[in-house]
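Structural overview
Listed here are the chains, written in short residue letters.
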Amino acid sequence: MNPIVEFCISNLANGSQKTLEALERDPNIDVLEYGCLSYCTKCAESLYALVNGEVVEAETPEELTERIQEFIEENPLF
């Protein structure tokens, strides 16, 4: 079972698109997009994604990608 990373389409427009594109290249991560994830305050304030249901935030797309990868390494599914 692969880790699941979920993105809000509004947050993609705010800058997390680069992170989505980077993660989509990894066959060991399932990446999903939604119209809204109901984290509107976080969405307006920073870049974020849900990783296996947990919020991971950052200021830049590069930092978000790094934090997501770290979160996955530190929180294996098995």
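Per chain, residue numbering runs from 1 following the sequence as it is written. The model is predicted, so local features are restricted to residues of pLDDT at least 70 and side-chain atom pairs to those at 80 or more, both for listing and for counting; the totals for chains, interfaces and linings are taken over all residues. By convention in this description, side-chain values take in all heavy atoms of the structure and omit both hydrogens and water.

The name an unreviewed UniProt entry assigns to the protein is YuzB family protein, from the organism Sporosarcina oncorhynchi.

A separate point is the pattern of salt bridges. Side-chain pairs of opposite charge can arise where the charged atoms are in close proximity. Salt bridge, as applied in this entry: a Lys or Arg side-chain nitrogen positioned within 4 Å of an Asp or Glu carboxyl oxygen. Within the structure shown, the criterion is met by two salt bridges. Taking the shortest distance from any N to any O, the salt bridge between E57 and K42 comes out at 3.4 Å. Residue E57 is located in strand 4 (residues 54–58), and its partner K42 is located in helix 2 (residues 40–45); the two are separated by 15 residues in the primary sequence. Relative accessibility under 20% of the residue-type maximum defines a buried residue, over 50% an exposed one, and the middle range a partly exposed one, all with a 1.4 Å probe and only protein chains included. Assessed through its relative accessible area of 29%, E57 is described here as partly exposed. Among the salt bridges present, the one from E63 reaches R67, with a minimum N-O distance of 2.7 Å. Of this pair, E63 and R67 both sit in helix 3 (residues 61–74), four residues apart, roughly one helical turn. Overall, the relative accessible area of 25% leaves E63 in the partly exposed class. Judged by its relative accessible area of 38%, R67 falls in the partly exposed class. Only runs of H or I of at least four residues qualify as helices and only runs of E of at least two qualify as strands under DSSP, and these elements are numbered from the N terminus.

On to the sheet that holds strand 4, then. The mixed open sheet is built from four strands, whose spatial order is 2-1-3-4. Strands with a single pairing partner mark the edges of an open sheet, and in this sheet they are strand 2 (30–34) and strand 4. When strand polarity is set aside, the average angle formed by the axes of neighbouring strands in this sheet is 30°. Two strands qualify as a pair provided DSSP detects at least 2 bridges between them. Where strand 3 (residues 47–51) lies against strand 4, five bridges are found, and the strand directions are antiparallel. Across the sheet, L47 pairs through a bridge with A58, a residue of strand 4. By the convention used here, residues are in contact when the closest approach between their heavy atoms is within 4.5 Å. Under this scheme, a helix contributes an axis fitted over its contacting stretch, all axes are lines through C-alpha atoms, and angles between N-to-C directions fall in the 0 to 180 degree range. Packing of helix 3 onto the sheet brings it into contact with strand 1 (4–8), strand 3 and strand 4, and relative to strand 4 it is tilted by some 145°.

We now examine helix 1 (residues 9–24). Between the first and last residue of a helix there are one fewer steps than residues, each counted as 1.5 Å, and that sum is the expected span. Spanning 16 residues, helix 1 covers only 15 Å between terminal C-alpha atoms, well under the ideal 22 Å at 1.5 Å per step. Residue G15 marks the point of greatest curvature in helix 1, where the axis turns by about 100°. Among all positions in helix 1, only N11, L12, S16, T19, L20 and L23 are buried. Check the buried side of helix 1 and you find it contacts strand 1, strand 2, helix 2, strand 3 and helix 3. To get the bend at a given residue, fit one axis to the seven residues ending there, fit another to the seven starting there, and take the angle between those axes.

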